[in-house]
Every structure is written in C-alpha cells, then in structure tokens.
Amino acid sequence: MSKYTKEDIFRIVEEEDVAFIRLQFCDIFGTPKNIAITTRQLDKALNNEIMFDGASVEGFVRSEESDMYLYPDIDTFDIFPWRPQSGKVARMFCNVHTLDGKPYAADPRNILKRVLENADEMGLKFKIDPHLEFFLFDTDDAGRPTTETHESAGYFDVAPADQAENVRRDIIMNLEDMNFDISSSHHESAPGQHEIDFAEDLADRMADMIMTFRITVKTIAKRHGLYATFMPKPKEGVSGSGMHMNILCENEEGESLFSDDYGNLTDIAYQFIAGVLEHIKGITLVTNPLVNSYKRLVPGYEAPINISWSSSSANRSSLIRIPSQRGAWTRLELRNPDGTCNPYLAIALILAAGMDGIKKGLVPPAEMHENFTGATNSDIRNAAYENLPQTLGEAIEAYQKDELVKEVLGDSVFEKYLDAKRRDWDSFRTCVTQWEIAQYLNKY
C-alpha cells in the first residue's frame with residue numbers, strides 16, 4: 001500500500017511552502033541526477049509527463065532514441081531539511097521509462113525492481129542494513145578537498161579527540177528529519193573516519209536511502225567547512241571505508257527465513273551464502289567499482305581478502321559473517337562492498353546471486369575458522385581459500401565470465417559498464433605514479 005496519494009503531495013507542497021521539487025534518478029555508476037521543477041509543473045510530473053534527454057546520462061541510450069520520461073515514486077517524497085525554510089526544496093526518486101511507457105531496461109532502479117519481483121515469486125522478502133563508513137577531511141584555502149585532518153581520534157573516541165562529533169550529530173538530525181531510523185554512530189579506527197548506522201528496510205527503499213545518505217553527508221560536511229568522501233582508501237597505512245551489507249530474508253508473514261526457531265541457520269541461509277560465494281568474483285566489479293577499491297581489500301586490516309564465510313561473529317576477516325543476533329534478527333553480513341558502488345546494481349546482484357543459490361540448492365564450502373585479521377600477504381597466499389579479485393583488472397576478467405551478472409544487468413548495461421571500467425583500468429595502467437618515481441628513478 002502506498003504511503004502517499006497524489007492529493008497528499010499537493011497538500012504537503014502547499015502546507016510546507018515547497019517551491020522546487022527535484023525529480024531524482026541516477027546513471028549506471030550511481031551518480032545522482034535530477035531535473036528540478038517548480039510547483040507549477042507538479043501536476044505534469046505526477047502524471048508522468050516530464051521528459052529528459054537520456055543520451056546525456058552515462059550508460060543510457062543513444063542520441064537517436066534519447067527522449068525518456070520520469071515516473072516519480074510519490075512514496076519517496078521528502079523535503080530537504082538543510083534547504084531554505086521559505087521556498088523549500090523537496091525530492092522524489094523516479095523510475096525511467098521509454099517513450100512507449102515501458103520501464104527502461106538500463107535504469108538501475110528498474111534493474112533492482114526486476115530482481116525483487118523474482119524474489120516475490122519465490123516468496124522471499126529481503127531487507128538490507130548497510131554500515132556506511134566515510135572520511136571527513138579538511139579543505140584548502142580555495143575550498144578544495146585534501147586528505148588532511150587535524151584530529152587523531154580512533155575507535156569510539158569522543159570529543160575533544162573526535163573533533164567531528166558535532167558534524168555527525170548535524171548529519172543525523174537531518175537524516176532523522178527525512179525519516180531515517182538511526183541506530184548508532186561512532187568514530188571509526190582511522191583519524192577523520194566515521195560511521196553512521198540506520199535500521200534495516202526493504203531492499204528497494206534501502207537503495208534510495210543510501211543515495212540520500214551520501215548526498216546528506218556531503219552536504220552537511222560542506223556546511224561545516226569539511227569534505228566528506230566515501231573513497232575506499234584515501235590514505236595509505238590506515239583502514240579503508242566500506243559499506244558492509246547486512247541481509248535479512250523473510251516470508252510474507254515477516255518471519256525469518258535465515259533462522260529456525262532455535263536460532264540455527266536454515267537451508268535457505270546456507271544456500272544463499274553458497275550462491276553469493278559462487279558469484280562474488282563476477283559481482284565485485286560492481287560492489288567495488290574503483291581502482292582504489294582494491295587498495296582497501298588488502299591484508300593487515302579487517303577488510304576481507306578471501307572467498308569465505310564464518311558463523312563466528314568475532315571473525316571479521318571472513319567475506320560473509322553471521323552477526324551474533326539470531327532468531328528474527330539473523331542476518332548475513334557481506335563485508336566487501338564499499339560506498340562508491342551503485343547501490344541499486346550492487347543490491348540487485350547480491351540478492352540475485354543468493355537467490356541463484358536457493359534455486360539450485362547450492363551448498364557452501366566449509367566454514368572458515370581461521371581469523372586473517374592482521375595476516376600478511378604470505379599468510380593469504382598459503383591459505384586454502386580462493387581470493388577475491390585483487391585489482392580492478394582481475395575484477396573485470398571475472399565480471400566478463402559470469403553469465404548471471406549479464407542476465408541481471410541486461411546486455412546494454414553489462415557492456416557499457418564493462419567498457420567504462422576497462423577505460424579506467426587502461427588509464428591507471430598507463431599512469432606513472434609517484435611511488436614508481438621514488439622506487440626506480442634513482443636506481444635505474
């Protein structure tokens with residue numbers, strides 16, 4: 001059942017003195033896009049009559065078929081609390097449709113919707129609970145971002161060591177104004193690194209919430225004279241930032257399908273784990289989309305390196321960890337994704353992989369009992385586990401080989417995404433870095 005009607009939107013816009021409405025969508029890489037309209041165009045928007053040029057959006061259509069429509073999801077209507085209180089700015093997420101009124105196959109939101117429709121047919125309801133980490137850095141005199149911070153705080157530190165405590169508080173207050181259920185926040189392990197957690201929600205809603213979260217964090221940080229980044233590894237020698245995905249699975253009555261009455265993992269849970277592990281190499285290009293993403297997935301930190309799972313909540317070196325809360329709260333934590341991914345595509349592929357494991361009745365490999373936190377490269381090489389891709393190049397190779405990834409994304413998105421990541425990798429491979437100059441110039 002819908003949260004709002006069209007009449008509700010008109011009423012709220014008038015009562016709250018809303019002057020502009022952003023019709024938001026994103027490209028295939030998760031970059032937010034929008035068309036801003038005034039309230040005079042609201043009726044047209046709610047009748048799905050607002051058009052835009054799809055040829056100008058990365059990964060969308062060719063110029064000869066560029067006219068597309070935005071279909072607002074009125075249940076996503078929110079007023080941005082940080083904008084002026086007179087002449088407010090609101091936002092609605094939109095689905096992209098073609099001229100003939102059909103959902104556009106390359107729209108990331110529609111891709112996730114198709115996966116969730118398959119889940120419905122299987123009697124599965126998925127909820128996601130992400131843990132998003134980010135850095136707050138100083139800016140220079142020109143307002144450009146740096147990788148510098150004046151603080152030296154670590155895990156769970158408080159002010160005055162945690163100099164951004166007020167920034168986090170401001171972010172949380174703005175998120176709560178947009179109906180986020182914030183469960184906790186804290187300073188992370190590296191100086192300038194933070195985490196804000198919010199309660200689980202249905203997978204499609206959570207993808208929208210992740211997009212909103214990233215915009216909110218960056219906007220509020222800028223108001224405090226800081227720069228927020230979800231870049232996975234902006235500084236060497238410290239922990240990187242991830243976006244651990246906690247996945248819950250329920251039936252239509254809201255009962256956990258990952259746990260039995262005694263808190264034990266069910267066959268469906270094991271099959272889901274097996275499916276994700278089966279396809280994780282091919283998915284990693286989407287969950288970890290940058291050259292920089294693979295500098296986080298290295299030995300010596302809590303980021304996962306190998307393809308493994310553990311029922312021990314203390315083993316944070318496993319790729320899939322089972323947190324200690326069981327029963328109705330049983331969830332599977334996938335630890336490799338980072339906050340730069342397109343959340344619609346990442347969630348779609350993760351769920352599709354797990355569902356593939358359920359459909360095929362796959363059995364996961366033996367549970368990993370070793371803890372590789374703090375392990376060396378030698379330890380990892382000698383371990384009896386297959387590794388995640390270690391570079392963007394390896395991720396590209398695995399992506400190309402996974403037919404499930406192509407099936408979920410569709411031929412167009414699959415190829416356009418691949419072409420873009422190949423360009424990134426080729427550009428990086430031909431770049432001469434300062435590390436190479438320092439290591440080799442004086443020797444050779």
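Conventions used here
- Residues numbered from 1 in each chain as written.
- Predicted model: local features only at pLDDT ≥ 70, side-chain atom pairs only at ≥ 80, totals over all residues.
- Heavy atoms only, no water.
- Helix = DSSP H or I, 4+ residues; strand = E, 2+ residues; numbered from the N terminus.
- Rg over C-alpha atoms; globule rule 2.2 N^0.38 Å.
- Contact = heavy atoms within 4.5 Å.
- Areas by Shrake-Rupley, 256 points an atom, 1.4 Å probe, with all protein chains shown as cover.
- Buried < 20%, exposed > 50% of the residue type's maximum accessible area, 1.4 Å probe, protein only.
- Patch = residues over 30% accessible without salt bridge, like charges linked within 9 Å, V, L, I, M, F, W, Y side chains within 5 Å.
- Salt bridge = Lys/Arg side-chain N within 4 Å of Asp/Glu carboxyl O.
- Lys, Arg positive; Asp, Glu negative; His and termini not counted.
- Charge placed at Lys NZ, Arg CZ, Asp CG, Glu CD.
- Core = buried A, V, L, I, M, F, W, Y, C linked by side-chain atoms within 4.5 Å.
- Pairing = 2+ DSSP bridges.
- Axes fitted to C-alpha atoms, helices over the stretch in contact; angles between N-to-C directions.
- Left-handed = near helix turned anticlockwise from the far one by under 90°.
- Polar contact = N/O pair within 3.5 Å; in protein donor to acceptor, adjacent residues only side chain to side chain.

1. Quick look at the overall build of the protein chain
Then, in step 1: Summing up its helical and strand segments, the protein chain has 11 helices and 15 strands in all.
Then, in step 2: The C-alpha radius of gyration of the protein chain comes to 22 Å, within 12% of the 22 Å expected for a compact globule of 444 residues.
Then, in step 3: Considering only C-alpha atoms, the protein chain reaches an extent of 65 × 55 × 50 Å along its principal axes.
Then, in step 4: The contacts of the protein chain with a sequence gap of at least 6 include a subset with a gap of at least 24, amounting to 69%.
Then, in step 5: For the protein chain, the exposed surface amounts to about 20,300 Å²; the carbon and sulfur share of it is 47%.

2. Concerning the environment of Ile 220
Then, in step 1: Structurally, Ile 220 is set in helix H5 (residues 203-223).
Then, in step 2: You can call Ile 220 buried: its relative accessible area is 1%.
Then, in step 3: Counting along the chain gives 50 residues from Ile 220 to Asp 170, while the straight-line C-alpha distance between them is 7.1 Å.
Then, in step 4: Aside from chain neighbours lying at most four places away, what touches Ile 220 is Trp 82, Val 167, Asp 170, Ile 171 and Asn 174.

3. Focus: a negative patch on the surface
Then, in step 1: On the surface, Glu 252, Glu 253, Glu 255 and Asp 261 cluster together into a patch of negative charge.
Then, in step 2: Residue class for Asp 261 comes out exposed when judged on its relative accessible area of 79%.

4. Remarks on the nonpolar core
Then, in step 1: Counting residues in hydrophobic clusters, the biggest one holds 124 residues, and the most contacted among them are Phe 126, Phe 213, Ile 320 and Leu 351.
Then, in step 2: Broken down by element, this core gets its largest block of residues, 12 residues, from helix H7 (residues 343-360).
Then, in step 3: In contact with Leu 351, not counting residues within four places along its chain, are Val 115, Leu 116, Phe 126, Ile 128, Ala 203, Ile 247 and Phe 272.
Then, in step 4: Ranked by size, the runner-up nonpolar core spans 6 residues in total, among them Ile 305, Met 368, Phe 372 and Tyr 385.

5. A look at the pairing of strand S6 (residues 88-97)
Then, in step 1: For S6, the buried fraction is high: 10 of the 10 residues fall into the buried class.
Then, in step 2: Of the two faces of S6, the one carrying Lys 88, Ala 90, Met 92, Cys 94 and Val 96 and the one carrying Val 89, Arg 91, Phe 93, Asn 95 and His 97 are both buried.
Then, in step 3: Looking at chain direction, strand S1 (residues 18-26) and S6 are connected through 6 bridges and run parallel. In the strand pairing of S6, Leu 23 is matched with Met 92.
Then, in step 4: Alignment of strand S4 (residues 67-72) against S6, held across 4 bridges, turns out to be antiparallel. Each bridged residue has a counterpart across the sheet, and for Leu 70 the counterpart in S6 is Val 96.
Then, in step 5: Two strands pair when backbone bridges link them, and strand S5 (residues 78-79) and S6 are joined in this way by 2 bridges, in the antiparallel orientation. Note that in S6 the partner of Asp 78 across the bridge is Arg 91.

6. Thoughts on the packing of H5 against H7
Then, in step 1: Viewed as axis vectors pointing N to C, H5 and H7 meet at an angle of 145°, and their least axial separation amounts to 9 Å. Once H5 is placed against H7, the crossing between them reads as right-handed. Facing Ala 203, Ala 207, Asp 208, Ile 210, Met 211 and Arg 214 of H5, the residues of H7 in contact are Pro 343, Tyr 344, Ile 347 and Leu 351.

7. Quick look at unusual backbone geometry
Then, in step 1: Here Asn 48, not a glycine, exhibits a phi torsion of approximately 60°, which is positive.
Then, in step 2: Inspection of the secondary structure puts Asn 48 in the loop between helix H2 (42-46) and strand S3 (50-53).
Then, in step 3: The backbone phi angle of Asn 179 is positive, close to 70°, even though this residue is not glycine.
Then, in step 4: Locating Asn 179 in the fold gives a position in the loop between helix H4 (165-177) and strand S8 (182-187).
Then, in step 5: The exposure class assigned to Asn 179 is exposed, which follows from its relative accessible area of 54%.

8. Digging into a nonpolar patch on the surface
Then, in step 1: Residues Val 432, Ile 437 and Leu 441 make up a contiguous nonpolar surface patch of roughly 300 Å² in combined accessible area.
Then, in step 2: Note on placement: Ile 437 falls in helix H11 (residues 434-440).
Then, in step 3: Under the relative-accessibility criterion, Ile 437 is labelled partly exposed at 35%.

9. Topic: the environment of Asp 27
Then, in step 1: Its place among the elements puts Asp 27 in the loop between S1 and strand S2 (32-38).
Then, in step 2: As a C-alpha pair, Asp 27 and Gly 54 span 27 residues in sequence and 9.7 Å in three-dimensional space.
Then, in step 3: Ignoring any residue separated from it by four or fewer positions in sequence, one finds Asp 27 in contact with Lys 33, Val 57, Glu 58, Phe 60, Pro 108 and Asn 342.
Then, in step 4: Among the polar contacts listed, one links the side chain of Asp 27 to the backbone nitrogen of Thr 31, at a separation of 3.0 Å.

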